[in-house]
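Chain by chain, the residues:
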Amino acid sequence: MLHRLKRMKLRKQLFLCFFILSVLPMVIISVVLFYLAKESMTNLAKENMMENVEKSGYLLDQELDNFETLSLFLNVNNELYGIFSELGESPSDYQIIQANRQIQKILADCFAWENYYSVHLVTSYFRFGATDKNFYPPDSFQKSDLYFKAKENRDSLVWIPTYDYCEKFGIDNITPESLEFNRLFSAVRELHISTTQNNSIKRLPSDIEQPILVINFTESYLTSLLENHNSDVNEIGLFTQDGTVIYSDSSGQDYSWTKELLTDKPNGSFIADVNGIETIVCYSTSQTTGWIITNSLPLSIFTQNIIKTLFIYLLICALVLFLFSLLLSFLISEKINKKIEVTLKTIEQMEEGYFDNKILYDPKDEFAFFYEKINSTNEAINCLIKENYVVKIRQKESEMLLLNIQLNPHFIYNALNIINWICLSGNAESASRMIVELSRMLQYTSDNTSETSLLKDDILWLKDYTSIMKIRFEDEFDIDFEIPDELYELQVPKLFLQPIIENCIVHGFKDINYPGKILVSGQLYTDVVIFTVTDNGCGMTQEKIECVLSESSRSIGVKNSDRRIKLLYGDDYGIQIHSKLGGGTKVIFTMPKQ
């Protein structure tokens, strides 16, 4: 895109500039107005939706409170008391059938004006009430959460969220399609039936089982309650405190947003992402059931009209500004186009890599100074490419190749001398081990595809090398490595430590009469790695150090290691040597973390 802008004609550039400067403020103002209008309409919608969801919650509580009152009425029903007193602890089948007829009438009279699907009094030995609805297999009700929740909440009516009837009670011989309603929600309560005699309350004996009141409702009952104050575009929902769906008038919806309902606030509103659509959600908590009623509406319903109006306005203004910018840019560009056409062509050729072309111009031309600068720039770029790119790259490649060629034969020569000496001494086992070690070393050094390698591979090679040298010098020295594990995966110049180790062994320990020691250590400092090789050898003077690091030095190994580091990473990195006669030598390698 930037390349196209560079090559764009002046007329188009002027037109684009005028057009952007005209349209951009208008677009910004339109966007600000859009969001202000959107916020205002969103707040108004939240107020209306909040009012509706609170009305729905109030009506739901009012309706469900009636069942709470009726369940309390059954606790003090004299007829029920008499029926269960007569049934006793172990009633006969005949007694149960007669009692069921009486209980059916009591329940029908008690719940005559209420909208429910079925109502039963359930005991371990019989389900009293409607015989054609909600069959429970033996012991299935006593194993369900309806039974346990009724037992846990003895003093109140407990509301059970919508469930699958067949799944809840383990009914596998009936298909859900054959049932009138398979999905129900229920209210349960353990009754404590009593009666009043002589101004005192008399309860059923403790050996007589108290029945569980079970009132079942269909989802259509919730629909009739919740949809009264809901518009066609709103979506109503009912959820438990943990976000479980009890009822929703939309299918296939993503309910991950319900986690935002799990707050301490009983009522409120928020903006949620519902199936990728920004949606207003208002909610209210039922005082009776503790369930959360939601009312949701996509924001796009409000923004559609706003976007349409703003789009028409922007389109008309953009068209007018487009024509104005086109005319203005044409007049200006025509005036100067002839003066810069040659320059533009030359610049295009420069962009394509042709720097040998020159602009021919009249010295009296008012653009003469500009043309002269273009020509001199072409010449300077050509010069820089040839001198600072081609020459230096070739020089660097040549130096790298030369250094590698000098390095590899140096190792082979020393190793073969050591093996020859061991063979002459008759130590076949040591010679065999040295040949294996040498083969690993040659395999490593023969790979010239990369100038660098992992530190762990370089250290492994160095251990093979020092093993051979220790045999040669009859264990007159020891070498230790103190390198943190995290450094072993770093990329380092191949064999950069070897020349220093060799100098320690061959020169540093040459004139000493005590065991030589070499310590190789490493340390990471943010983005710089420091490697140190320290020995307790004879040391050297400052003049000798300067000679070793000079270009004319005969110490090819040390000098090459320093040059390789500088070629790879720059002149800020390399080798430093600290030593004094009789005090050993310390060589410090500095390189960036790779």
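All values reported here derive from a predicted model rather than from experimental measurement. (Residues numbered from 1 in each chain as written. Predicted model: local features only at pLDDT ≥ 70, side-chain atom pairs only at ≥ 80, totals over all residues. Heavy atoms only, no water.)

Attention shifts here to the packing of helix α12 (residues 498-508) against helix α14 (residues 556-569). Packed helix pairs are characterised by how far apart their axes lie and by the angle those axes make with each other. Contact geometry for α12 and α14: axes closest at 8 Å, N-to-C directions at 155°. By the criterion of interaxial angle, the relationship of α12 to α14 is roughly antiparallel. Where α12 crosses over α14, the two elements pack in a sense that is left-handed. Across from Pro 499, Ile 500 and Asn 503 in α12, the residues of α14 making contact are Gly 557, Val 558 and Ser 561. For the contact of α12 with α14, the class distribution of residues is three nonpolar, three polar and no charged. (Axes fitted to C-alpha atoms, helices over the stretch in contact; angles between N-to-C directions. Helix = DSSP H or I, 4+ residues; strand = E, 2+ residues; numbered from the N terminus. Parallel < 35°, antiparallel > 145°, perpendicular 65-115°, else oblique. Left-handed = near helix turned anticlockwise from the far one by under 90°. Contact = heavy atoms within 4.5 Å. Nonpolar A, V, L, I, M, F, W, Y, C, P; charged D, E, K, R; others polar.)

Our next topic: the nonpolar core. It is characteristic of soluble globular proteins that their nonpolar side chains tend to be buried jointly. Counting 49 residues, the largest nonpolar core has Phe 67, Leu 74, Phe 84, Phe 111, Leu 121, Trp 159 and Leu 238 as the members making the most contacts within it. When residues in this core are grouped by element, the largest group, nine residues, is from helix α2 (residues 10-75). Counting residues in each nonpolar core, the second largest holds 46 residues, with Tyr 444, Ile 479, Leu 495 and Ile 500 among its members. (Core = buried A, V, L, I, M, F, W, Y, C linked by side-chain atoms within 4.5 Å. Buried < 20%, exposed > 50% of the residue type's maximum accessible area, 1.4 Å probe, protein only.)

If you trace the five strands from one edge of the open sheet to the other, you get β14-β16-β17-β19-β18, paired in mixed fashion. Single-partner strands in this sheet number two, and they are β14 (477-482) and β18 (574-579). Neighbouring strand axes in the sheet, compared pairwise and without regard to direction, differ in orientation by 15° on average. Across eight bridges, the pairing between strand β17 (residues 528-535) and strand β19 (residues 585-592) is antiparallel. Bridged to Thr 532 within β19 is Ile 588. Most of the contacts of α14 go to β18, to which it runs at about 140°, and overall it touches β18 and β19. (Pairing = 2+ DSSP bridges.)

We now examine the pairing of β17. Strand direction decides the pairing type here: strand β16 (residues 516-525) and β17, joined by eight bridges, are antiparallel. Within β17, the position partnered with Gly 522 by the bridge is Phe 531. What sits between β16 and β17 in their antiparallel hairpin is a turn of two residues, with Thr 526 showing a positive phi close to 55°.

Moving on, we come to the pattern of salt bridges. Side chains that differ in sign of charge can pair as their charged atoms come close. Applying the stated criterion across every chain yields a total of 10 salt bridges. In this structure, Lys 151 and Glu 190 form a salt bridge, with 2.7 Å as the shortest nitrogen-oxygen distance. Taken together, the residues span a long stretch of sequence, with Lys 151 in helix α5 (residues 145-152) and Glu 190 in strand β4 (residues 183-190) at a distance of 39 residues. Accessibility expressed as a relative area gives 3% for Glu 190, which makes it buried. Note that Glu 219 and Arg 183 form a salt bridge whose closest N and O atoms lie 3.6 Å from each other. Of this pair, Glu 219 sits in helix α7 (residues 219-226) while Arg 183 sits in strand β4, and the two are 36 residues apart along the sequence. Since its relative accessible area comes to 28%, Glu 219 is described here as partly exposed. (Salt bridge = Lys/Arg side-chain N within 4 Å of Asp/Glu carboxyl O.)

Our next topic: α12. The element α12 is extensively covered by neighbouring structure, given that eight of its 11 residues are classed as buried. All of the buried residues along α12 are Gln 498, Pro 499, Ile 500, Ile 501, Glu 502, Cys 504, Ile 505 and Gly 508.

Interpretation note: all reported values are geometric properties and have no functional meaning in isolation.
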